[in-house]
Amino acid sequence: MIKEWSGLEVDQELKLVTPPIEKLQLVKYAGASGDFNMIHTDEETAKKVGLPGIIAHGMISMGVLGDFAQKLAGHQGFVSRLQVKFTGMVQLHESLTCRAKVVKKDEEARQVDLQISAEVAPGKYATKGEATIQY
Amino acid sequence: MTVIDRTVIGSKSETLEFEVEKGAIRAFAHALGSDNPIYFDEDYAKQQGYASLVAPPTFPSTFRVPKPGINVELSRTLHGAQEFIYERPIVAGDTLRCTNYLADIFEKEGKSGTMTFFILETRGEDLSGNLVYRSKTTIIYR
């Protein structure tokens, strides 16, 4: 999976599928991040505000995409920019299919631009955005 | 129903100082399901040229800085968008001074009525005043 500078080419498409998101991960993420909005851990709270049930923190899907981009970057590069829109909910037991497409490789700036997304089902996007890797 | 108070645009939070700890990086990376050794194994991170463990790209979301001008019920808010821009990677041992600014407020009509958008910007600097990262957060109140 690790690509480094030499292994990343324009139009290359990469994919990663996460294990299903379960309540334990949401509780761990709440603790590790300090985001205690209870729509992410308590069904009653989620339903009270009109949600179908517990939904994952949007920042988990962004975090997973950031981790994916950093993994692709290898250890000589780092993710210098990460930008996403949260376009859909991630519910309990759903997996994220993460995709990254290399859209630009700038030899002079030593930067690689990726288009990134996370889907819970084909065409059903939770998160969409861009990442830049700086070497 | 909320009434938009645009006079709060430009308001600034207090500046808070955060020490980036190895345990916090490991717990955060673990909660994301990551297995990248640069987040877990300090010797490995050092071999790659980093001063210590590297923070995952979304780690600044753990820096809980007050959100100036946003006084709405948390459970009715959704996170619409997020961006992080780094001058350099954050590593364990860093101390960052972070400040939030309310950059904009506007309304949009959604399926379930009017939604209020809050655009919040964060600056994180090191103790010498060098910019380390910026972030931009869109919070939607529905």
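Everything below is about the structure printed above this text.
Another aspect to go through is the layout of surface pockets. Taken as a whole, the largest pocket spans an internal volume of roughly 1,300 Å³. Elements that contribute at least two residues to the lining of the largest pocket include exactly helix H3 (58-73) of chain A together with strand E2 (77-86), strand E3 (95-110), strand E4 (113-125) and strand E5 (131-141) of chain B. For the second largest pocket, the lining is made up of 16 residues, of which Thr18 and Pro19 of chain A together with Leu32, Gly33 and Ser34 of chain B are closest to its centre. Here the element with the most residues in the lining of the second largest pocket is H3 of chain A; it accounts for 4 residues. Its residues assigned to classes, the lining of the second largest pocket comprises 8 nonpolar, 4 polar and 4 charged.

Below, the discussion takes up empty space enclosed by the protein. Evaluation of the coordinates by the stated rule reveals 1 cavity of 30 Å³ or more. As for the largest cavity, its lining consists of Gln70, Phe78 and Val79 of chain A together with Val54, Ala55, Pro56, Pro57, Tyr86, Pro89 and Ile90 of chain B. Among the residues forming the lining of the largest cavity, the class breakdown is 9 nonpolar, 1 polar and no charged.

Let's shift gears to the interface of chain B and chain A. It is common to give the size of an interface as the accessible area lost on bringing the parts into contact. The partner chain A presents 35 residues to the 36 residues of chain B that form the contact. Across the interface of chain B and chain A, roughly 3,000 Å² is buried in total on both sides, 58% from carbon and sulfur atoms. It is Ala31, Leu32 and Pro57 of chain B that lose the most area in chain B upon contact with chain A, and together they represent 17% of the buried surface on that side. The tally of links between chain B and chain A comes to 2 salt bridges. For Asp35 of chain B, the salt bridge is made with Lys71 of chain A, and the minimal N-O distance between the two is 3.1 Å. Where chain B touches chain A, the interface holds 12 residue pairs in polar contact (both at pLDDT 80 or more). Elements that contribute at least two residues to the side of chain B that touches chain A include exactly helix H1 (22-31) and E2 of chain B. Among the elements that take part in the side of chain B that touches chain A, E2 of chain B stands out by supplying 10 residues, more than any other. In terms of residue class, the side of chain B that touches chain A is built from 16 nonpolar, 13 polar and 7 charged. When strand E2 (residues 78-86) of chain A meets E2 of chain B, the two strands line up antiparallel, connected through 5 bridges. Its bridge partner being in E2 of chain B, Val84 of chain A is matched across the sheet by Gln82 of chain B.

Mapped onto the secondary structure, Lys124 of chain A falls in strand E5 (residues 124-134). Setting aside residues up to four positions removed in sequence, Lys124 of chain A forms contacts with Glu94, Ala118 and Glu119 of chain A.

Formed by 63 residues in total, the largest nonpolar core has its most connected members in Leu114 of chain A together with Phe63 and Ile90 of chain B. At 9 residues, H3 of chain A tops the list of elements feeding residues into this core. Not counting chain neighbours up to four residues away, the residues in contact with Phe63 of chain B comprise Phe18, Val20, Ile90, Leu96, Cys98 and Tyr133 of chain B. One finds Leu102, Ile105, Ile139 and Tyr141 of chain B within the second-largest nonpolar core, a separate group that totals 7 residues.

Further remarks concern unusual backbone geometry. Trans peptide bonds make up most of the peptide bonds, and negative phi angles are found at most residues other than glycine. All names here are of chain A. Residues other than glycine seldom take positive phi values, yet Glu4 does so here, at roughly 60°. Along the chain, Glu4 turns up in the segment before strand E1 (13-17). According to the relative accessible area criterion, Glu4 is partly exposed, its value standing at 24%. In this structure, Arg110 takes a positive phi of about 55° despite not being glycine.

Our next topic: the pattern of salt bridges. Pairs can form between side chains of opposite charge whenever their charged atoms are close. For the structure shown, the criterion picks out 12 salt bridges over all chains. In this structure, Glu83 of chain B engages Arg81 of chain A in a salt bridge whose closest nitrogen and oxygen atoms are separated by 2.8 Å. You can see Glu83 of chain B sitting in strand E2 and its partner Arg81 of chain A sitting in strand E2, one on each of two chains. Accessibility expressed as a relative area gives 17% for Glu83 of chain B, which makes it buried. A residue is classified by how much of its surface remains accessible, and Arg81 of chain A, at 23% relative accessible area, is partly exposed. Ionic pairing is found between Glu42 of chain B and Lys46 of chain B, a salt bridge with its closest N-O pair at 4.0 Å. One end of the pair, Glu42 of chain B, and the other, Lys46 of chain B, are both in helix H2 (residues 42-47), 4 residues apart, so they sit about a helical turn from each other. Each of Arg81 and Glu130 of chain A together with Glu83 of chain B takes part in a single network of salt bridges with overlapping partners.

About the cut-offs
- Residues numbered from 1 in each chain as written.
- Chains lettered and ligands numbered in written order.
- Predicted model: local features only at pLDDT ≥ 70, side-chain atom pairs only at ≥ 80, totals over all residues.
- Heavy atoms only, no water.
- 1 Å grid on protein atoms, 1.4 Å probe; cavity = no way out; pocket = protein on both sides within 12 Å on 5 of 7 lines; lining within 4 Å.
- Points joined across faces, edges and corners; volume = space filled by probe spheres on them.
- Helix = DSSP H or I, 4+ residues; strand = E, 2+ residues; numbered from the N terminus.
- Nonpolar A, V, L, I, M, F, W, Y, C, P; charged D, E, K, R; others polar.
- Contact = heavy atoms within 4.5 Å.
- Buried area = accessible area lost by both parts, 1.4 Å probe.
- Salt bridge = Lys/Arg side-chain N within 4 Å of Asp/Glu carboxyl O.
- Polar contact = N/O pair within 3.5 Å; in protein donor to acceptor, adjacent residues only side chain to side chain.
- Pairing = 2+ DSSP bridges.
- Core = buried A, V, L, I, M, F, W, Y, C linked by side-chain atoms within 4.5 Å.
- Buried < 20%, exposed > 50% of the residue type's maximum accessible area, 1.4 Å probe, protein only.

By themselves, these figures tell us nothing about what the structure is for.
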